[in-house]
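If you want the building blocks of each chain, they are given just below.
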There are 2 protein chains.
Amino acid sequence: MISLQHIKSPKPEDLPSELEGLRMTKQRREVLAIILGERDHPTANDVYVRAQNRMPTISLATVYNCLEALVSHHIVRQVNFERESSRYCPNLEDHCHFQDEESGIIHDVIFKKGVKLEDFLELPQGTEINHLEISLKGRIGSE
Amino acid sequence: MISLQHIKSPKPEDLPSELEGLRMTKQRREVLAIILGERDHPTANDVYVRAQNRMPTISLATVYNCLEALVSHHIVRQVNFERESSRYCPNLEDHCHFQDEESGIIHDVIFKKGVKLEDFLELPQGTEINHLEISLKGRIGSE
DNA sequence: ATCGGAATTAGAATAATTCCAATTTCTACT
DNA sequence: AGTAGAAATTGGAATTATTCTAATTCCGAT
Ligand SMILES: [Mn+2]
Ligand SMILES: [Mn+2]
Ligand SMILES: [Zn+2]
Ligand SMILES: [Zn+2]
């Protein structure tokens, strides 16, 4: 059995009927397939627009509902840059995000092998981290 | 001459008439004094409510204008946690933020001495970072 | 086939923030 | 001091991402 992460562009109908205890409805499958397919960190509205191709009657509210369900079941990740609209990421590995200010494109950035939070942050001991988000903005080297 | 960072609770009238090339108007001084005073990462609305004590006619639009001016002149920092409303921080040192999910209180977290971004992130070489935000959520150790 | 809970839907509501146009305040210059 | 122009402030309207609501539809279990 192969993890979803390694299927590049699954057709919605190839997705299982349940994931992480979440019932995969037609709409949730469609939304998930879009996020897994083009790995470009789409916004809810991006997903909505793309979903309408194959599913013209899907509603934006449903897209939001699906995203919320997928995120809370840890099937996709929500990504935030300052006050911009949230984006969604299929990469469940530990990673953070870099937005190229020129193109707006968001790139995954992974941590150096074996790095722990406590290695670079002065955390009061005993602190339990439940959520971590690192967002970078800048320019890609052009030399 | 002492940096603003070290004045615990400056009275607005003690603030200079210009900072970082930004003209310090009555309203901007008031907003800045509030942020420097109670170092609790207030939201724009928090600032608005507090400002009304000494300046009952200040408007929320002005508070937003002042905050935007102070942030863009690097006099205060804007802090974001997911989709919550922005908060403002007077600490200009390199640091990030931890929100205690129990109390909602936000704590400054500093980096370990001498740590560089490239030490823990696999950044494509040549990348120029203009902006970095690290936000943590969790619980404070209670043993 | 039917029941009951869960999901979807359209549209209204919310809330943070930004925009706008009118007014006030400053600053610089006579 | 008096004044013109620029910049800042103001109240209210607009915007926009997201959430809520209530009605309908769907689906899996009996
Ligand atoms: Mn989580
Ligand atoms: Mn900056
Ligand atoms: Zn990602
Ligand atoms: Zn801070």
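(A) Representation of the protein's contact with DNA strand D. With respect to spatial proximity, 16 residues lie near DNA strand D, and among them Tyr64(A), Ser86(A), Thr25(B), Ser59(B) and Thr62(B) are the closest. The sugar-phosphate backbone supplies 79% of the atoms of DNA strand D found within 4 Å of the protein. Separating a phosphate oxygen of DNA strand D from a backbone N or O atom of Thr57(B) is a distance of 3.3 Å. Counting only elements with at least two residues in the surface near DNA strand D, the list comes to α3 (60-72) of chain A together with α1 (26-37) and α3 (60-72) of chain B. Sorting elements by how many residues they give to the surface near DNA strand D places α3(B) first, with 3 residues. Residue composition of the surface near DNA strand D, grouped by class: 4 nonpolar, 8 polar and 4 charged.

(B) Just unusual backbone geometry, in detail. For His74(A), which is not a glycine, the phi torsion comes out positive at approximately 60 degrees. You can see His74(A) is positioned in the loop between α3 and β3 (77-79).

(C) Broad picture of the relation of the copies chain A and chain B. It takes a turn of 180 degrees to lay chain A on chain B, together with a shift of 0.0 Å along the axis; the resulting RMSD is 0.0 Å. The superposition of one copy onto the other is thereby described by a two-fold rotation axis. Rotation axis and chain A: the residue whose C-alpha lies nearest the axis is Ile134(A), separated from it by 2.2 Å. Same-surface contact between copies: 100% of interface residues of chain A are shared with the interface of chain B.

(D) Fine view of the interface of chain A and chain B. Taken together, the contact pairs 37 residues of chain A with 37 residues of chain B. Note on chain A versus chain B: buried area summed over both sides is about 3,300 Å², and carbon and sulfur give 55% of it. At the junction of chain A with chain B, the criterion picks out 2 salt bridges. Across the salt bridge formed by Glu122(B) and Lys112(A), the nearest N and O atoms sit 3.5 Å from each other. For the interface between chain A and chain B, the tally reads 20 residue pairs in polar contact (both at pLDDT 80 or more). Of all the elements in the fold, those that place two or more residues in the side of chain A that touches chain B are β5 (95-100), β6 (106-110), α4 (117-120) and β7 (128-139) of chain A. A total of 12 residues in the side of chain A that touches chain B trace back to one element, the largest contributor, which is β7(A). Strand direction decides the pairing type here: β7(A) and strand β7 (residues 128-139) of chain B, joined by 11 bridges, are antiparallel. Among the inter-strand pairings, Ile129(A) is bridged to a residue of β7(B), identified as Gly138(B).

(E) Just the coordination of the zinc ion (ligand 4), in detail. Residues and elements named next belong to chain B. Protein coordination at the zinc ion (ligand 4) comes from His 41 (NE2), Cys 89 (SG), His 95 (NE2), His 97 (NE2) and Asp 108 (OD), with a distance range of 2.1 to 2.5 Å. Summarised as a motif, the one-chain spacing of the donors to the zinc ion (ligand 4) is H-x47-C-x5-H-x1-H-x10-D. Taken together, the residues His 41 in the loop between α1 and α2 (44-54) and Asp 108 in strand β6 (residues 106-110) connect sequence positions 67 residues apart. You can call His 41 buried: its relative accessible area is 3%.

(F) Region of interest: the sheet that holds β5(A). Taking strand neighbours across the sheet as the criterion, the 6 strands line up as β6(A)-β5(A)-β7(A)-β7(B)-β5(B)-β6(B) in an open arrangement whose pairing is mixed. At either end of the open sheet lies a strand with only one pairing partner, and these are β6 of chain A together with β6 of chain B. Averaged over neighbouring strand pairs, the angle between their axes works out to 25 degrees when direction is ignored.

(G) Region of the structure containing helix α2 (residues 44-54) of chain A. Residues and elements named next belong to chain A. Restricting attention to buried positions, one finds in α2 the residues Ala 44, Val 47, Tyr 48 and Ala 51. The arc that holds every buried residue of α2, seen down its axis, measures 100 degrees, which confines them to one face. Buried positions along α2 lie against α1 (26-37), α3 and β4 (87-89).

(H) Structural detail: empty space enclosed by the protein. This model, assessed by the stated rule, comprises 2 cavities of 30 Å³ or more. Here the largest cavity is characterised by a volume of approximately 70 Å³. Lining the largest cavity, in full, are Asn80(A), Phe81(A), Glu82(A), Glu133(A), Ser135(A), Asn80(B), Phe81(B), Glu82(B), Glu133(B) and Ser135(B). Mapped onto the lining of the largest cavity, the elements with two or more residues apiece are β7 of chain A together with β7 of chain B. Taken together, the residues of the lining of the largest cavity break down into 2 nonpolar, 4 polar and 4 charged. One number sums up the size of the second largest cavity: a volume of about 40 Å³. Elements supplying a minimum of two residues to the lining of the second largest cavity: β7 of chain A together with β7 of chain B.

Cut-offs applied
Note on numbering: residues in each chain are counted from 1, in written sequence order. Working convention: letters from A go to chains and numbers from 1 go to ligands, in the order in which they are written. Local features in this predicted model are restricted to residues of pLDDT 70 or higher, and side-chain atom pairs are both shown and tallied only at a pLDDT of 80 or more, whereas totals for entire chains, interfaces and linings draw on every residue. Heavy atoms from the whole structure form the basis of all side-chain values; hydrogens and water molecules are not counted. Distances are taken per atom, and a residue is near a molecule or strand as soon as one of its heavy atoms is within 4 Å of it. Two N or O atoms form a polar contact when they lie within 3.5 Å of each other; inside protein one atom must be a possible hydrogen donor and the other a possible acceptor, and for residues adjacent in sequence the pair counts only when both atoms belong to side chains. Labels follow the DSSP assignment, with helices taken as runs of H or I lasting at least four residues and strands as runs of E lasting at least two, numbered in each case from the N terminus. Three categories are distinguished: nonpolar for Ala, Val, Leu, Ile, Met, Phe, Trp, Tyr, Cys and Pro, charged for Asp, Glu, Lys and Arg, and polar for the others, with Gly belonging to the last. When the copies are overlaid, the least-squares fit takes in C-alpha atoms only where the residue has pLDDT of at least 70 in both copies. Two residues qualify as a contact provided that any one of their heavy atoms is within 4.5 Å of a heavy atom in the partner residue. Simply put, the buried area is the total loss of 1.4 Å probe accessible area from both parts when two parts are fitted together. A carboxyl oxygen of Asp or Glu within 4 Å of a side-chain nitrogen of Lys or Arg is what we treat as a salt bridge. Pairing between two strands requires that DSSP report at least two bridges joining them. Each metal's donors are the N, O and S atoms within 2.8 Å of it, or within 3.2 Å when it is Na, K or Ca, and because water is not part of the set, sites may look incomplete. Think of it in three bands: with a 1.4 Å probe and only protein chains considered, a residue is buried below 20% of the maximum accessible area for its type, exposed above 50%, and partly exposed in between. Lines fitted to C-alpha atoms define the axes here, with helix axes fitted over just the stretch in contact, and angles between the N-to-C directions of these axes take values from 0 to 180 degrees. Starting at the helix axis, one direction is taken to each C-beta atom, and the arc is that of these directions. Only protein atoms enter the calculation, which uses a 1 Å grid: trapped sets of points that fit a 1.4 Å probe without letting it out are cavities, open sets showing protein on both sides within 12 Å along at least five of seven lines are pockets, and any residue with an atom within 4 Å of a point is a lining residue. Grid points are joined across faces, edges and corners, and a volume is the space filled by probe spheres set on the points.

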